[in-house]
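# Remarks on the overall topology
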Amino acid sequence: MQAGALVLAGGLGLAGAAAADTVKVGIIGPFSGPFALQGKNFQAGVEAWLAQNGKSVAGHDVEIVYRDLPAANPQQARALAQELIVRDKVQYLGGVYFTPDAMAITPLLKQGNVPLVIFNAATSAIMTSSPLVVRTSFTTAQTTTPLGKAVVDRGVRKFVTAVTDYGPGVDAEIAFKKAVEAAGGQVVETIRMPLNTTEFSPIMQRIRDAGAQGVFAFLPSGPPTLGFVKSFNDTGLKQGGVKLFATGDLTQESDLPALGEAASGMITGFHYAVSHDSDANRRFVAAAEKAIGGPGQLSFPAVGAYDGMYVIAKMIAATGGKQDAEKAVEAVKGLAWESPRGPVRIDPETRHITQTIYLREVAKDDKGHWINKEIQSFPEQADPGLAK
């Protein structure tokens, strides 16, 4: 059997193209384990969309089938996707928190006749692995490039980068270094950390020894980000005047109460903040907080899922409920709408989302709650990681 071949039940080949009264959407995410809050945000975004728009599209009921992938595990991701396609007969796949899992799933899409809408996984290269992938999240290159120029403009010129050593981290390191150097700054050392790193003191010592004015960090949201920021403070780097910059993964809203003063004043670049000031976002936050069980747990994966459901609904309508992955993807190329994060568009060439990237500062709002306060915006940002 060829690598990536999909075993279909009964030897029937591609799934049938007849319209279905019920269209099934399979969502893969971390619904248990250390990253369970991210999966919970996927579900909150999906449920918020259904609550606002109903559970049918173009006369077809929409059924969501969730599958739990607690941590990055490409082999398990592939098995879950195959199970959803073959046994559960889903017409669409969505979710996927980690890049290696997305890369394991994409070889199944063509023969399974199923598109994949990425709610989070943030490596640029996912989009080149299959023409049946659409992304409604972000990439680390997209969120990092404006940040690199902005922090140099604020007077910090000598940096160390510290990133998790997998696709998004490498993308972030490359994009930040390129942006900093183009703006006249310098990256004096690059540090790559294994995905399972939990002890950061040796990393902080390397940062101290490098004599940098600023640190750029990328780690996947969850327990590692809390540990990194805590170590940065405990080792005296912040008190010594070193500035910590990052993607928004390090300051997701659900972590801000625990970070507290340790993150005060920290500057991040990202595509969404729960505090974003728009009516569309306020409606989304109200529905998503109800779905997730109250305020304080809502974070950025929810908006990727919410917008992902918008895109999937457009696909269902365009295909009349029939299973036709190529037609479904073609229908959303160039699609533009007002997201809770601001105006967005699916780039017709890359199938990646073009959006505003925000410079945010961790601060307290007028009620004394820690938020990511938007202080500068960079509209219509494509993904530099896909630039030819």
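Residues numbered from 1 in each chain as written. Predicted model: local features only at pLDDT ≥ 70, side-chain atom pairs only at ≥ 80, totals over all residues. Heavy atoms only, no water.

The name an unreviewed UniProt entry gives the protein chain is ABC transporter substrate-binding protein, with Bosea minatitlanensis as the organism.

### Comments concerning the nonpolar core
In terms of nonpolar packing, the biggest core is built from 90 residues, with Leu93, Ile105, Phe159 and Met315 touching the most fellow members. At ten residues, helix α11 (residues 301-319) tops the list of elements feeding residues into this core. Beyond its immediate sequence surroundings of up to four residues, Ile105 is in contact with Ile28, Ala77, Arg78, Ala81, Leu93, Val96 and Leu116. Listed in part, the 27 residues of the second largest apolar core include Ile191, Met193, Met204 and Leu237. (Core = buried A, V, L, I, M, F, W, Y, C linked by side-chain atoms within 4.5 Å. Buried < 20%, exposed > 50% of the residue type's maximum accessible area, 1.4 Å probe, protein only. Helix = DSSP H or I, 4+ residues; strand = E, 2+ residues; numbered from the N terminus. Contact = heavy atoms within 4.5 Å.)

### Considerations on the pairing of strand β8 (residues 186-193)
Pairing analysis gives seven bridges linking strand β7 (residues 158-164) to β8, with the strands arranged parallel. Residue pairing across strands places Val163 opposite Arg192, the latter belonging to β8. With respect to chirality, the unit in which β7 leads through helix α6 (residues 167-182) into the neighbouring parallel β8 is right-handed. (Pairing = 2+ DSSP bridges. Right-handed = clockwise from strand over helix to strand, strands pointing away.)

### Re the side chain of Asn372
In this structure, Asn372 sits in strand β15 (residues 370-381). A distance of 2.8 Å separates a polar atom in the side chain of Asn372 from the backbone oxygen of Thr251. Among the polar contacts listed, one links the side chain of Asn372 to the side chain of Glu253, at a separation of 3.1 Å. Contact partners of Asn372, with chain neighbours within four places excluded, come to Thr251, Glu253, Leu256, Thr268, Ala273, Ser275, Arg360, Glu361 and Val362. (Polar contact = N/O pair within 3.5 Å; in protein donor to acceptor, adjacent residues only side chain to side chain.)

### Points about the pattern of salt bridges
Under the definition given, this model contains 13 salt bridges. As a salt-bridge pair, Glu83 and Arg87 come within 3.6 Å of each other at their nearest N and O atoms. A relative accessible area of 57% means that Arg87 is categorised as exposed. Two residues, Arg206 and Glu189, come together in a salt bridge whose shortest N-O distance is 2.7 Å. Separated by 17 residues along the polypeptide, Arg206 in helix α7 (residues 201-210) and Glu189 in strand β8 bring together distant segments of the chain. One connected set of salt bridges, linked through shared partners, spans Arg67, Glu83, Arg87 and Asp88. (Salt bridge = Lys/Arg side-chain N within 4 Å of Asp/Glu carboxyl O.)

### What to know about unusual backbone geometry
Its identity is not glycine, yet Lys89 carries a phi of approximately 55°, on the positive side. In this structure, Val96 is a non-glycine residue whose phi angle is positive, near 75°. Turning to its location among the elements, Val96 is positioned in the loop between β4 (92-95) and α3 (99-105).

### Here we look at α6
Helix length check: α6 (16 residues) gives 23 Å between terminal C-alpha atoms against 22 Å at 1.5 Å per residue, within 8%. Of all the residues in α6, the buried ones are Pro168, Gly169, Val170, Asp171, Ala172, Glu173, Ala175, Phe176, Ala179 and Val180. On its buried side, α6 packs onto α3, α5 (140-153), β7, β8 and β9 (214-218). (Expected span 1.5 Å × (residues − 1).)

### Digging into helix α10 (residues 279-292)
Taking 1.5 Å per residue as the helical rise, α10 with its 14 residues ought to reach 20 Å, and the 20 Å between its terminal C-alpha atoms agrees with that figure. Regarding α10, the residues found buried are Ala280, Asn281, Phe284, Val285, Ala287, Ala288 and Ile292. Contact partners of the buried residues in α10: α1 (36-53), α11 and β12 (336-339). Once α10 ends, the next one or two residues include Gly293, with phi positive near 105°.

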